Amino acid sequence: MPTVLITGASRGIGLEFARQYGAAGWRVIATCRAPARAEQLQALAHDASSFIVHALDVDDFGRIEALAATLAGEAIDVLINNAAVMSSHEGFGETDYDRWARILHTNLLAPMKMAEAFVEHVAESEHKVIAMITSRMANIPTARPDGLVSYRTSKAALNMLTKIVAGYIEGRGIIAVALSPGWAATDMGLGVLAYHDTAGRAVFPDKAPDELINPVESVRGLRRLIENLTPEQTGAALLYDGQPIP
Amino acid sequence: MDSILISGANRGLGFEFARQYGAEGWRVFGCCRDPATSIELAALAAEAPGRITIHALDVNDHGSIDALSASLSAEPIDVLVNNAGVYHIGERFGAIDYDQWTQVLRTNLFGPMKMAEAFADQVARSMRKVIATLSSGFSSITNARADHIVSYRTSKCAVNMVTKLLADELAARGIIVVALGPGWADTRMGWLSLEAGGNSADMIERAHSITCLRGIIDGLKPADSGRCILYTGADIPR
């Protein structure tokens, strides 16, 4: 029975990963900051045979190390660094640098810490995959000044990090990829649709909620990608439908 | 008279920018953390009092950036050069120093953004209207390898994103925003790469690097805004 570890599994893409892998018969290790409040996740754990929920705030690096120690000796086939935070809208001249630092810590540094802490667990497994959940907002040529500098820079840097990590762990047969779920209808995806700039204009006036991607379809695509990864794809950034992100 | 403000102007490429633009007769605002110990910059300023001036600036201290901008509030600044930066090697997987990484992001990523926010007005009232941030061939994801350089690579990749965002943001004000790759120059920062296994025969002279970058800055058009340009004129691969 293969094992998947997912961070940020209380809702959104993380929760959907947990649901689908559980239904597919995988052993699921789901983490979130407050398991007691993660009702949907607890319901999945209750119904499934091999499903455990651990409390983990990925910004607490001591806690990451403790969890890795708790799980010592256990093979983890797929590590999914999904937990992340979105920017608030900040216009030019309004940049909140303390918040930017926190977003970089969660979206860039924490995935690296998770990779460092769990590389042995992944190396012990059969599938050997470390996945970083990224975003097409990381793509520089198509980037727009939509007030989401901190999120965009964190994901651009994460794609760079994925390429570097891929090189570090290649010798151990582990594949590292950055996977974009697309603009999905999750709390994060729907949340940015409500953003307005300082002039009161909608930041994304041309995007309607019903145009966002169904998280079920997105995660189905991501799981298919993960299942079919080849060593040549290590270090790449891929969209849920398999397209490379330019 | 064209004017240029350079952060980290006390040594390395920053000083070379000051020296070459000073020789061209530009008004040079040479900025560094500790003017009192910046001997070469002081000597340069002494050659052209009032035209080449030294200013205290720590790009890690946003209060310092705001104070400098306030002191230069009426000045037009044709070219803002975000040069101050830090670089580390030997960042091994399994032993990453997260405090160091955080500091590198603060200097190399936040610094240029804060400088742009603080000096956009001065740049906008100039003739040339250029904001140039020093980036690196190391910012290329395509060319990235596992060579124990993590914080620098991620910070420069992120600052390339900032360059594109600022280019679009400031286009309406006529400001051209670019990132510049100086190549592997023979500065103290560059010498560090020798310890990481580089071949010194591949290094270029700092004077040559800056001469090339000056040519690029001189020829910038609005269509170049958002680009990450190597000293050779080619784009840094993404």
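Residues numbered from 1 in each chain as written. Chains lettered and ligands numbered in written order. Predicted model: local features only at pLDDT ≥ 70, side-chain atom pairs only at ≥ 80, totals over all residues.

Student: Describe the overall build of chain A, and please don't skip the residues or the numbers.
Tutor: Within chain A one finds seven helices and seven strands. The secondary structure elements of chain A, listed N-terminal to C-terminal, are β-α-β-α-β-α-β-α-β-α-β-α-α-β. Computed over C-alpha atoms, the radius of gyration of chain A comes to 17 Å, within 12% of the 18 Å expected from 2.2 N^0.38 for 246 residues, which places it in the range of a compact globule. Considered along the principal axes of its C-alpha atoms, chain A spans approximately 55 × 40 × 35 Å. Scored against the burial criterion, the 246 residues of chain A give a buried share of 50%. Sequence separation of 24 or more characterises 69% of the internal contacts of chain A that already satisfy a separation of 6 or more. (Helix = DSSP H or I, 4+ residues; strand = E, 2+ residues; numbered from the N terminus. Rg over C-alpha atoms; globule rule 2.2 N^0.38 Å. Buried ≥ 20, exposed ≤ 12 C-beta atoms within 10 Å, placed from the backbone. Contact = placed C-beta atoms within 7 Å.)

Student: Which residues make up the confidence of the model for chain B, and what values do they have?
Tutor: Here chain B averages 96 in pLDDT, and 100% of its residues register 70 or above. Across the interfaces of the predicted complex, the ipTM metric reaches 0.96, alongside a pTM of 0.97. (pLDDT = per-residue confidence, 0-100.)

Student: Give a description of the packing of helix α1 (residues 12–23) of chain B against helix α7 (residues 206–218) of chain B that names residues and reports values.
Tutor: Residue and element names in this part refer to chain B. Running from N to C, α1 and α7 cross one another at 60 degrees; their axes reach a closest spacing of 9 Å. Judged on the interaxial angle alone, α7 and α1 are oblique. Judged by the sense of rotation from one axis to the other, the crossing of α1 with α7 is right-handed. Residues Leu 13, Glu 16, Phe 17 and Gln 20 of α1 form the contact with α7, whose participating residues are Arg 206, Ala 207, Ser 209, Ile 210, Thr 211 and Arg 214. Taken together, the residues of the contact of α1 with α7 break down into four nonpolar, three polar and three charged. (Axes fitted to C-alpha atoms, helices over the stretch in contact; angles between N-to-C directions. Parallel < 35°, antiparallel > 145°, perpendicular 65-115°, else oblique. Left-handed = near helix turned anticlockwise from the far one by under 90°. Nonpolar A, V, L, I, M, F, W, Y, C, P; charged D, E, K, R; others polar.)

Student: If you had to explain the interface of chain B and chain A to someone new, which residues and values would you point to?
Tutor: Each partner contributes to the interface: chain B provides 29 residues, whereas chain A provides 28 residues. For the side of chain B that touches chain A, the elements supplying multiple residues, two or more each, are α4 (98–124) and α5 (151–170) of chain B. With eleven residues, the single largest contributor to the side of chain B that touches chain A is α5 of chain B. Residue classes in the side of chain B that touches chain A are distributed as 17 nonpolar, five polar and seven charged.

Student: Can you explain the environment of Glu 195 of chain B? Please cite residues and give values.
Tutor: If you trace the backbone, Glu 195 of chain B turns up in helix α6 (residues 188–195). A count of 9 C-beta atoms within 10 Å places Glu 195 of chain B in the exposed class.

Student: Please provide a residue-by-residue account of the sheet that holds strand β5 (residues 130–134) of chain B, values included.
Tutor: All names here are of chain B. With respect to topology, seven strands assemble into an open sheet ordered β3-β2-β1-β4-β5-β6-β7, the strand pairing being parallel. The sheet is open, and its two edges are formed by β3 (52–56) and β7 (228–230), each paired on a single side. With direction set aside, neighbouring strand axes in the sheet form an average angle of 20 degrees. Where strand β6 (residues 176–181) meets β7, three bridges bridge the pair, whose relative direction is parallel. Within β7, the position partnered with Gly 181 by the bridge is Leu 230. Packing of helix α2 (residues 39–47) onto the sheet brings it into contact with β2 (27–32) and β3, and relative to β3 it is tilted by some 140 degrees. (Pairing = 2+ DSSP bridges.)

Student: Describe unusual backbone geometry, naming the residues involved and giving the relevant values.
Tutor: Backbone geometry places Lys 128 of chain A, a non-glycine residue, at a positive phi of 55 degrees. Here Lys 128 of chain A is to be found in the loop between α4 (97–123) and β5 (129–133). For Lys 128 of chain A, a count of 22 C-beta atoms within 10 Å translates into the label buried. For Lys 129 of chain B, which is not a glycine, the phi torsion comes out positive at approximately 55 degrees.

Student: Requested: an account of the pairing of strand β1 (residues 3–6) of chain A, with residues and values cited.
Tutor: The side chains of a regular strand alternate, first on one face of the sheet and then on the other. All names here are of chain A. Side chains Thr 3 and Leu 5 of β1 all project onto a buried face; the interleaved residues Val 4 and Ile 6 project onto the opposite face, where all are buried too. Pairing analysis gives four bridges linking β1 to strand β2 (residues 27–32), with the strands arranged parallel. Bridging from a neighbouring strand, Ile 6 pairs with Ala 30 of β2. Taking the sense of rotation as the criterion, the β-α-β connection linking β1, helix α1 (residues 12–23) and β2 turns out right-handed. Summarising the sheet, β1 and strand β4 (residues 78–81) pair through three bridges and their orientation is parallel. Bridged to Ile 6 within β4 is Ile 80. (Right-handed = clockwise from strand over helix to strand, strands pointing away.)

Student: For the nonpolar core, give the residues involved together with the corresponding values.
Tutor: Side chains that are nonpolar tend, in soluble globular proteins, to be buried together. Core analysis: the biggest nonpolar cluster contains 154 residues, and Ala 18, Ala 30, Leu 79 and Ala 131 of chain A together with Ala 18 of chain B have the highest contact counts within it. If we ignore the near neighbours within four places in the chain, the residues touching Ala 131 of chain A are Val 78, Leu 79, Ile 80, Asn 81, Val 177, Leu 179 and Ile 226 of chain A. (Core = buried A, V, L, I, M, F, W, Y, C linked by C-beta atoms within 7 Å.)

Student: Requested: an account of the packing of α4 of chain A against helix α5 (residues 149–169) of chain A, with residues and values cited.
Tutor: The description of two packed helices rests on the angle between their axes and on the distance between the axes. All names here are of chain A. Orientation of α4 relative to α5, taken along the N-to-C sense of each, is 20 degrees, at an axis distance of 9 Å. Classified by the interaxial angle, the pair formed by α4 and α5 is roughly parallel. For the pair α4 and α5, the crossing hand works out as right-handed. Judged by residue contacts, Arg 99, Trp 100, Ile 103, Leu 104, Asn 107, Leu 108, Pro 111, Met 112, Ala 115 and Val 119 of α4 engage Ser 150, Tyr 151, Ser 154, Lys 155, Ala 157, Leu 158, Leu 161, Val 165 and Ile 169 from α5. Its residues assigned to classes, the contact of α4 with α5 comprises 14 nonpolar, three polar and two charged.

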